[in-house]
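Here are the chains, one letter per residue:
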Amino acid sequence: MNTKTISLDEELLKVESQYCSWGDTVHYAKHLNIFTNADGIYLYDRQGTPYLDLQMWYSAVNFGYKNKRLNDALKKQIDTLPQLACQYLHEEKIRLAEKIATDIEKKFGVKGRVHFNIGGAQAVEDAIKVVRNHTGKNLMFAFMGGYHGRTLAATSITSSYRYREHFGHFSDRASFIPYPYQFRCPADRKGACCDLSCLKSFQKLFESEYYSVVNTKNNNCEFGAFFVEPVQATGGYIIPPKNYFKELKKTLDQYHVLFVDDEIQMGFFRTGTLWAIEHFDVVPDIIVFGKALTNGLNPLSGIWAKEELLGPKTFGPGMTHSTFSSNPLGTATGLAVMNLIEDSDFQTSVPQKGAYFLKKLNALKNKYPCIGEVAALGLALRIEMCQKDGFTPNRTLSDTIMNIGLKGQLKHKGKNYGLILDIGGYYKNVFTLAPSLYISEEEMDLSLELFEQALQQALV
Ligand SMILES: Cc1ncc(COP(=O)(O)O)c(C=O)c1O
């Protein structure tokens, strides 16, 4: 090993500890890595050790690192129109909005428009504005276990109090409703016998004014929207029962509560469809997206909303704005992503790959009682780590496995490898796997081999 490169990393870590804020998530990990290169499904450190990445920047890099077609689109835009104030128009913005809106119109049969922003939480903020503007209501429903970002408004509809704790009083904090998490059923039903009892308790709120959400004399609900993750992402890649959202939407429609579908992490074919909500047979009123829209290149996010919500008569000029929204490097890359999707067959390949991966995960689960549940929708996969009883959450075990992966000392054919894993879940005991949509069978086999090695080391 080259001592010069090691000492450079050591020196950088020393500087980081002194000058970088620790307010982000870097210091969640025990082992801090400095990466210098990325390609396909791998990150590389300065010594050239490959780290097989099963989180791909929290599902922002769905199409693999250094995807040539997408990188070329960005480079081309740098050489033509790299910067443009967002008060002026450029073709890529218009074409990208057209592609997203026409795709949604074809799939869901509703007309709508697109508004761009930069990060996910900012798009969530725009969605909240659209809801407030249209309904005149400040209050929102959201799910326990849900995550919508860390700006103040996005935090107010994100379940964890930990994210609000230091930032004062949140008067418009959402009302949090239990998510249909079958493995840890909120109503304590055991086994695979979901009778949607959590949904029934939500529906009960509308039966009497004394349950506090609706004036039953005129059916006017105090809440403007329900913010939904179609597969709960940070919450641990939880897949709801097939008919849950359809039934939920019936209640929301009855009381004119908008259905806001947050696809920031599950969009762009993570689950085998462009939008994860397509699996659940409902028509959302607003869709929020970000992350993989640009494959993690120049950030761009956005919302699509029905014409009556986002049309110019309702949402006029200047209702929202940010300097870098609809930046041309982002829109050009986003357009390239949509074109790449059109030319690919992810609707076939992603479910196939997901089924292969899940089969292997099930085999692993059968071997290790500490794996409580594995599940997948497309290539959004979950491994819930437990004690030997297969149920009690085991956060220590998942943390240990993650840190072993980050050390880059797992072995394959005599070579060192690292493994990049993300942990989510209500008890921080769930590996939320979001591999590249191009992952091959050999790469999935290697992923499992490295994961099992790390698990065995952690169990010693
Ligand atoms: C479902 C969901 N919504 C919103 C966000 C916030 O997006 P950003 O981190 O880009 O602000 C995230 C980020 O992980 C997310 O997963």
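All values derive from a computational prediction rather than experimental measurement.

**Q** Talk me through the overall build of the chain; I want residue IDs and the actual numbers.
**A** The helix and strand tally for the chain stands at 13 helices and 18 strands. At 22 Å, the chain has a C-alpha radius of gyration in line with the 23 Å of a compact globule built from 460 residues. Viewed in the frame of its principal axes, the chain has a C-alpha envelope of about 70 × 60 × 45 Å. Across the chain, every contact between residues at least 6 apart in sequence was considered, and the portion connecting residues at least 24 apart equals 72%.

**Q** Talk me through the sheet that holds strand β5 (residues 139-143); I want residue IDs and the actual numbers.
**A** Within the open sheet, the seven strands sit side by side as β4-β12-β11-β10-β9-β5-β6. Their pairing is mixed. Pairing within the sheet leaves two strands with one partner each, and these edge strands are β4 (112-117) and β6 (175-177). Strand-to-strand, the axes of this sheet are offset by a mean angle of 20°, without reference to chain direction. Where β4 meets strand β12 (residues 301-306), six bridges bridge the pair, whose relative direction is antiparallel. Bridge assignment links arginine 113 to a residue of β12, and that residue is alanine 305. The strands touched by helix α5 (residues 120-135) within the sheet are β4, β9 (223-228), β10 (258-262), β11 (286-289) and β12, with β12 carrying the most contacts at an inclination of about 25°.

**Q** Talk me through the pairing of β10; I want residue IDs and the actual numbers.
**A** With five of its five residues buried, β10 lies for the most part within the structure. Burial along β10 is two-sided: the face carrying Leu258, Val260 and Asp262 and the face carrying Phe259 and Asp261 are both buried. Sheet topology places β9 next to β10; four bridges connect them, and they run parallel. Following the sheet pairing, phenylalanine 226 is matched in β10 by phenylalanine 259. Since β9 and β10 lie parallel, the crossover through helix α8 (residues 244-254) that links them has a hand, and here it is right-handed. One ladder, built from three bridges, connects β10 with β11; its direction is parallel. The residue bridging aspartate 262 from the neighbouring strand is valine 288, located in β11.

**Q** Can you break down the site of the ligand residue by residue, with the values?
**A** Taken together, 15 residues lie near the ligand, and Gly120, Ala121, Gly149, Ile264 and Gln265 sit nearest. The greatest single-element share of the shell around the ligand, amounting to three residues, is contributed by α5. Residue classes in the shell around the ligand are distributed as six nonpolar, seven polar and two charged.

**Q** Hey, could you go over the sheet that holds strand β15 (residues 410-412) for me, with residue numbers and the actual values?
**A** Pairing is mixed in the open sheet, where five strands are placed in the order β1-β2-β3-β16-β15. The open sheet is flanked by β1 (35-39) and β15, the only strands paired with a single partner. If you compare each strand with its neighbour and ignore which way they point, the axes differ by 35° on average. Across the sheet, helix α13 (residues 441-459) lies against β3 (50-53), β15 and β16 (415-420), angled at about 140° from β15, the strand it touches most.

**Q** Tell me about unusual backbone geometry, and name the residues and values.
**A** The phi dihedral of lysine 66 is positive, around 55°, even though this residue is not glycine. Assignment of secondary structure puts lysine 66 in the loop between α2 (56-59) and α3 (68-80). Judged by the 13 C-beta atoms lying within 10 Å of it, lysine 66 falls in the partly exposed class. Its identity as a non-glycine residue notwithstanding, histidine 256 has a phi of 55°, on the positive side. Mapped onto the fold, histidine 256 is located in the loop between α8 and β10.

**Q** Account for the environment of isoleucine 118, naming residues and giving values.
**A** When you line up the elements, isoleucine 118 lands in the loop between β4 and α5. Assessed through the 20 C-beta atoms surrounding it within 10 Å, isoleucine 118 is described here as buried. The spatial distance from the C-alpha of isoleucine 118 to the C-alpha of threonine 323 is 9.2 Å, given a sequence separation of 205 residues. Not counting chain neighbours up to four residues away, the residues in contact with isoleucine 118 comprise Pro299, Leu300, Ser301, Ser322, Phe324 and Ser325.

**Q** Report on the pairing of strand β18 (residues 430-433), specifying residues and quantitative values.
**A** Of the two faces of β18, the one carrying Val430 and Thr432 and the one carrying Phe431 and Leu433 are both buried. Looking at chain direction, strand β14 (residues 380-385) and β18 are connected through four bridges and run antiparallel. Looking across to β18, one finds that arginine 382 is bridged to threonine 432. In this structure, strand β17 (residues 423-424) lies alongside β18, joined through two bridges in antiparallel fashion. Along β18, the bridge assignment pairs isoleucine 423 with phenylalanine 431. Where β17 folds back onto β18 in an antiparallel hairpin, the turn is made up of five residues, including glycine 425, whose phi is positive at roughly 100°.

**Q** I'd like to hear about the packing of helix α11 (residues 346-367) against α13, residue by residue, with values.
**A** The N-to-C vectors of α11 and α13 enclose an angle of 25°; their axes lie 10 Å apart at closest approach. By the angle between their axes, α11 is roughly parallel relative to α13. Judged by the sense of rotation from one axis to the other, the crossing of α11 with α13 is right-handed. Residues Tyr356, Phe357, Lys360 and Leu364 of α11 form the contact with α13, whose own contacting residues are Glu441, Met444, Leu448 and Glu452. Residues of the contact of α11 with α13, tallied by class, amount to five nonpolar, no polar and three charged.

**Q** Which residues make up α8, and what values go with them?
**A** Tyr244, Phe245, Leu248, Lys249 and Leu252 are the residues of α8 that are buried. With its buried residues spanning 115° around the axis, α8 presents them on a single face. Every exposed residue of α8 that faces more than 90 degrees away from the buried side is listed here: Lys246 and Lys250. Of the surrounding secondary structure, the elements contacted by the buried residues of α8 are α7 (197-204), β9 and β10. Just past α8, the residue histidine 256 takes up positive phi, approximately 55°.

What counts and what doesn't
- Residues numbered from 1 in each chain as written.
- Predicted model: local features only at pLDDT ≥ 70, side-chain atom pairs only at ≥ 80, totals over all residues.
- Helix = DSSP H or I, 4+ residues; strand = E, 2+ residues; numbered from the N terminus.
- Rg over C-alpha atoms; globule rule 2.2 N^0.38 Å.
- Contact = placed C-beta atoms within 7 Å.
- Pairing = 2+ DSSP bridges.
- Axes fitted to C-alpha atoms, helices over the stretch in contact; angles between N-to-C directions.
- Buried ≥ 20, exposed ≤ 12 C-beta atoms within 10 Å, placed from the backbone.
- Right-handed = clockwise from strand over helix to strand, strands pointing away.
- Near = placed C-beta within 6 Å.
- Nonpolar A, V, L, I, M, F, W, Y, C, P; charged D, E, K, R; others polar.
- Parallel < 35°, antiparallel > 145°, perpendicular 65-115°, else oblique.
- Left-handed = near helix turned anticlockwise from the far one by under 90°.
- Arc of directions from axis to C-beta.

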